[in-house]
Each structure stands twice: as structure tokens, then as C-alpha cells.
Amino acid sequence: MKCRIILWMYSVISVLALLLLLSRENIFVLLALVLGVLLLGHREIWSLIRYRRLPVIDERVRDNLSNAMRLTGILFFITSIVLLLLLRFNVFKGVPVELIVSGEFVMVGIVYLIGYYYYDRVRPNLGKRAARWLKICLITAGLSLSTVALGIVLHNLISYWFDFEEAFFFILALLAAPAVFAVSMLVSLVIYIKGLFSPAGEG
Amino acid sequence: MKTRMKEYRARLGLTQEQLAEIVGVRRETIIFLEKGKYNPSLKLASNIARALGACIEDIFILNDE
């Protein structure tokens, strides 16, 4: 009964949102919404289709959900500030705002999923050594990303102040830091996927 | 933390799915508990012990470290 009510509510709200967004021709927001619903509710939708009931939300799932939500909230806050700053300085000239906002929502949704599966599957399956490497790689990736921004600013400032083409921060920002970022993200991805598909979680 | 859940469950002839159903958790939670990869709350530990007909300290063994 409860399952049927939820299914009905889901359907009615989806159809209303669909009609509203179609009438306003907000295709990007519509796509983001549909994708978001599918991404966030994939477990519930799958369980409703296959077992005709909602999955149990026990204490472990609740902990994982709240951890993933916290991570997503922090990211949403940071990306919103960055996007507002970029929009303020007209960086996205000609790009529809709906597209930018939709992109942000989709990205946040994907991060939520990655975060949820990290707490749900990856973290319990990782050994101490792999967990330490994952942490190091993620910190390195974050630092290298900030180095890109910092390098660009410093390169421009030094070039402007001393009236010559500064090379060190240029190479650092456009070559070294992106390379470090790519490598650390790749290693993180490998560790994550290894943890996600580790047989230990399947029992 | 070590657990003897699997042993007690096998004694009662319960599957992970059945134990999960009795305790009201997901099967994955039982898997992680049996492998010692998740520390349950006192309430969940007590429910599992009751379902398996044993004391908490018989099923969940705390490591000193």
C-alpha cells in the first residue's frame, strides 16, 4: 500500500514537473531533473520494480546517506560560490544560465552517488594501505587543482608587475599541476573501483 | 571487532537474507557485520543477539586495539 502511494506520488510529481518545464521550454533543467531523479532514486526505483517494495533503510544505510549528503552539501556550497563568482565576471558569456545550473545539479548528483557508494561499499572493502593511498591521492588532486588557479593568478601578477613573461608559474599552472591532478585522480579512480567491486562486500 | 554471527546463524540454519528480515536490516549489512567491517549500534547488536539466541558478548568480540 505504502509502496503504491509513493509510486503514485512520484509519478504525479514527475508529470507535473515535466509539464511545467516543457511549457517554460527549460529543456536543460528538465533533463537535469530527470537524470537527477534516476540517479538519486535508482535503488528505490529498482527495488520497487523488482521486489514491489522500498528497500529497508537501516542504521548503516542511514549513516552512509547522511555522510554522502554532507559531502554533497559542502560541494554544492563551494561550486555555487565559484559559479556565482564566474557568472559575476561574465566568464560564461553566451551560455544559458539554465545549462550552468543544470550542469551543477547533475555534477552534485554524481558526486552524491560516488560519495554514497564510497561509504556503502568502497570504505569497508578497502584495506588500511589502500585507504591511506586514496586519501593521499585525493588531497594531492585537490592541491594540484588549487595550484592551477594560484599559478595562473601569480603568473599574471608577476608578468604584469615586472613586465616580462614569467615562465615558472605558467608551466606549473598549465603543465605540472594538471598532470599531477590527472595522475592522482586516475590512481584514486583505480582504488575506488577496486574497492567497489571487491568480492569482500558480496559475502 | 570480530563476530561469531556466521557460526550462530549456521547453527540455526538461517540464511543472511532471513536474518536480515528478522532484524530489519539489509542483507549487505549482515554481510559487513559478519566480516567485521561494520560496527553495529548497541540496539542492532542486541537485536541480532536476540535473533540468534545468544548474548551480545558471545557474538561480538571486541579487539583491544
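Up top you'll find the structure we're talking about.
Calculation criteria
- Residues numbered from 1 in each chain as written.
- Chains lettered and ligands numbered in written order.
- Predicted model: local features only at pLDDT ≥ 70, side-chain atom pairs only at ≥ 80, totals over all residues.
- Heavy atoms only, no water.
- Salt bridge = Lys/Arg side-chain N within 4 Å of Asp/Glu carboxyl O.
- Helix = DSSP H or I, 4+ residues; strand = E, 2+ residues; numbered from the N terminus.
- Buried < 20%, exposed > 50% of the residue type's maximum accessible area, 1.4 Å probe, protein only.
- Contact = heavy atoms within 4.5 Å.
- Buried area = accessible area lost by both parts, 1.4 Å probe.
- Polar contact = N/O pair within 3.5 Å; in protein donor to acceptor, adjacent residues only side chain to side chain.
- Core = buried A, V, L, I, M, F, W, Y, C linked by side-chain atoms within 4.5 Å.

Asks: It is not clear to me how the pattern of salt bridges should be interpreted in this structure. Could you clarify?
Replies: Tallied over the entire structure, the rule returns six salt bridges over all chains. Between Asp120 of chain A and Arg60 of chain A there is a salt bridge whose closest N-O contact spans 2.9 Å. Within this pair, whereas Asp120 of chain A is found in helix H5 (residues 97-125), its partner Arg60 of chain A is found in helix H4 (residues 59-88), the two being separated by 60 residues in sequence. Neither residue differs from the other here; Asp120 of chain A and Arg60 of chain A are each classed as buried. Here Glu7 of chain B ties to Arg4 of chain B by a salt bridge, and the two come within 3.0 Å at their closest N and O atoms. Classification of Arg4 of chain B by relative accessible area gives partly exposed; the value is 31%.

Asks: Looking at this structure, how should I read the interface of chain B and chain A?
Replies: Where the parts come together, the accessible area they lose is often given as the size of the interface. The interface of chain B with chain A comprises 15 residues on the first partner and 19 residues on the second. When chain B packs against chain A, the two sides together hide about 1500 Å² of surface, and 45% of this comes from carbon and sulfur. On the chain B side of the contact with chain A, Arg26, Phe32 and Lys37 of chain B bury the most area, a combined 46% of that side's loss. Where chain B touches chain A, the interface holds one salt bridge. A salt bridge links Glu28 of chain B to Arg121 of chain A; the shortest N-O distance between them is 3.8 Å. Our count for the contact surface shared by chain B and chain A stands at six residue pairs in polar contact (both at pLDDT 80 or more).

Asks: What exactly am I supposed to notice about the nonpolar core here?
Replies: Note on soluble globular proteins: their nonpolar side chains tend to be buried together. Ranked by size, the top nonpolar core spans 18 residues in total, and within it Met5, Ile48 and Leu52 of chain B carry the most contacts. Going through the elements one at a time, helix H1 (5-12), helix H2 (16-23), helix H3 (27-34) and helix H4 (42-52) of chain B are the ones with two or more residues in this core. It is H4 of chain B that contributes the most residues to this core, five residues altogether. Those residues in contact with Ile48 of chain B, other than ones at most four positions away along the chain, are Met5, Val23, Leu33 and Phe60 of chain B. Ranked by size, the runner-up nonpolar core spans eleven residues in total, among them Leu113, Tyr117, Leu134 and Ile191 of chain A.

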